[in-house]
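So you can see what is in the structure, the chains are spelled out below.
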Amino acid sequence: MQKDLTKGSVLRNLIYFSLPYLLSCFLQTFYGLTDLFITGQFNGADTISAVSIGSQVTHMLTVIIVGLAMGTTVIISRAIGSKKPDLAARGIGNTILLFALFSIFTTILLLLSADLIIAAISTPVEAVSETKKYLMICFIGVPFITAYNVISSIFRGLGDSKSPMYFVAVAGVINIILDILFIGPLGMGAAGAALATIIAQAASVAFALFSLRRAKLGTPLSRQDLRFDRNVLSSILKVGLPIAFQDGFIQISFLVITAIANQRGVIAAASVGIVEKIICFLFLVPSAMLSSISAIAAQNAGAGQHKQGAKVLRYGITICVSFGLLAAVICEIWTEPILQLFVHDDAAVVRMGCQYLRAYVFDCVFAGIHFSFSGYFCAYRKAFASFIQNLLSILLVRIPGAYLTSMLFPDTLFPMGLAAPAGSLFSALVCVLIYSYLRKKHLLYE
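Going along each chain's sequence as written, the residues are numbered from 1 onward. Owing to the predicted nature of the model, reporting of local features is limited to residues with pLDDT of at least 70; listing and counting of side-chain atom pairs is limited to 80 or more, with chain, interface and lining totals taken over all residues. Note that the side-chain values use all heavy atoms of the structure and ignore hydrogens as well as water.

Peer 1: What am I meant to see in the overall build of the protein here?
Peer 2: A run of H or I in DSSP counts as a helix once it spans at least four residues, and a run of E counts as a strand once it spans at least two, with each numbered from the N terminus. Per the secondary structure count, the protein includes 18 helices and zero strands. Radius of gyration means the value over C-alpha atoms here, while the globule rule gives 2.2 Å times the residue count to the 0.38 power. Relative to its length of 446 residues, the protein is compact, with a C-alpha radius of gyration of 21 Å against a globular reference of 22 Å. In what follows, a contact means two residues having at least one pair of non-hydrogen atoms within 4.5 Å. Within the protein, contacts between residues separated by at least 24 positions form 84% of all contacts whose residues are at least 6 apart in sequence. Per element, the accessible surface of the protein, about 17900 Å² overall, is 69% carbon and sulfur. Distance between charge centroids for the protein: 18 Å, based on 31 positive and 20 negative side chains. Here, Shrake-Rupley sampling with a 1.4 Å probe gives the accessible areas, and only protein chains in the shown set may cover a residue. All tallies of charge rest on Lys and Arg as positive and Asp and Glu as negative; His and the ends of each chain are not included. The location of each charge is read from NZ of Lys, CZ of Arg, CG of Asp or CD of Glu.

This is the structure we're talking about:
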């Protein structure tokens, strides 16, 4: 199950590792899009809006968990690269304890805060009831969401990106079948979409645990490893916390932008929600690169092969930018047919969605650059640098840009859609400056 990512071609390792991860993300996002697609075939703008808003909230939680679990991936990868299986085992044990506590606390907190969350993001009145049903069901399923992502981070830290792909494939098939049943014949609306998702996640976790028990980890895990180790826990949190906060702030910025759109009515809310789903789908490649670069560069860092790590970063940026340009061209040419996939006979939603997508899609070009740098900074335990550039981008560009353009251009979503790519361009420039500074001061290879 373990794989040495310090040997052989850097580009081949990056592609072989990132492709299964990319497919995992594709399947996970695909069944998220399926929720919205099937909902749109049987329901109106109020339920579409509820599912899109509710899924944004749960997506925010997921990316925070993934960000926090990045610390696990890095510590295990560096331990494997430096040939320290005992450290990898302690990393796995501390991860299990940490996230068990996290899931319990988060579930209780979110269930108590559902009404506050719905109000905070200015959910349209027509969509409040359906949104609450969606969120309450998803919040009950937080332990399953947490378990799936944590187990996947452990496998990836060991160099195995294929097993998580199988886990999410199981969830995807179950989710689609249940979506069709719950939303269609049973007419459960947003609640049906949420219930299908959680049942699918639970099945995926069961399969993942079964695989974990049967797998040859190469890192003997004992009861001794299932105790908090201050140094190991500190190493996990040193990487995981900044990335979790970074991803959390990014998602908060998305929710703020959603709230701005929600104030313009249910049509704008539905349009923005659909486009956000499409953009999440397009961001699969940058996301795959971030996780792949962090895992591969971390193994090379543990082995002291820093030139290999720098090559991983360069290849990752090249792949992301190339994909982003291709995605932008496709979305500019076929904007309306893409929106019509998710909207059944609602010309107003399609029109406003096209405006938003035509501007927002350019974010795919620039985001890949700072995603790649984030993965690299994590591998070298400089996650705080990634957090800083994202925070500056959110506070100085993304949110102010979305608010001002919404006020100045109330009849179109196109200018508002430009706020995201402007923020990513800013982030990319800051990443280059931080990278240059760290290299100049010899702070990277510690």
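Next comes the rest of the description.
Peer 1: Looking at this structure, how should I read the pattern of salt bridges?
Peer 2: The working definition used for a salt bridge is a side-chain nitrogen of Lys or Arg within 4 Å of a carboxyl oxygen of Asp or Glu. Applying the stated rule across the entire model yields two salt bridges. In this structure, Lys132 engages Asp115 in a salt bridge whose closest nitrogen and oxygen atoms are separated by 3.0 Å. In this pair, Lys132 is assigned in helix α5 (residues 128–140) and Asp115 in helix α4 (residues 114–120), connecting sequence segments 17 residues apart. The class for Asp115 is partly exposed, based on a relative accessible area of 47%. With a closest N to O distance of 4.0 Å, Asp363 and Arg398 form a salt bridge. Linking Asp363 in helix α15 (residues 363–379) with Arg398 in helix α16 (residues 383–408), this pair joins segments that are 35 residues apart in sequence. Only protein chains enter the accessibility calculation, which uses a 1.4 Å probe. A residue is then buried if its area is under 20% of the maximum for its type, exposed if over 50%, and partly exposed in between. The buried category is assigned to Asp363, whose relative accessible area is 0%.

Peer 1: Before we go on, may I ask you to explain the confidence of the model for the protein in this structure?
Peer 2: Should the pLDDT be low somewhere, the predicted coordinates at that spot are not to be read in detail. Mean pLDDT over the protein stands at 80; residues scoring 70 or higher make up 93%. Values of pLDDT, ranging from 0 to 100, describe the predictor's confidence in every residue of the model. Averaged pLDDT values over the elements of the protein bottom out at 76 in helix α1 (residues 10–42) and peak at 89 in helix α12 (residues 306–333).

Peer 1: Where do I start with a nonpolar patch on the surface in this structure?
Peer 2: Residues Leu11, Ile15, Tyr16, Leu19 and Tyr315 make up a contiguous nonpolar surface patch of roughly 440 Å² in combined accessible area. In terms of residues, the nonpolar patch owes the most to one element, α1, which gives four residues. You can see Ile15 is positioned in helix α1. Like-charged residues within 9 Å of one another, or nonpolar side chains (Val, Leu, Ile, Met, Phe, Trp, Tyr) within 5 Å, are grouped into patches, provided each residue has over 30% relative accessible area and no salt bridge.

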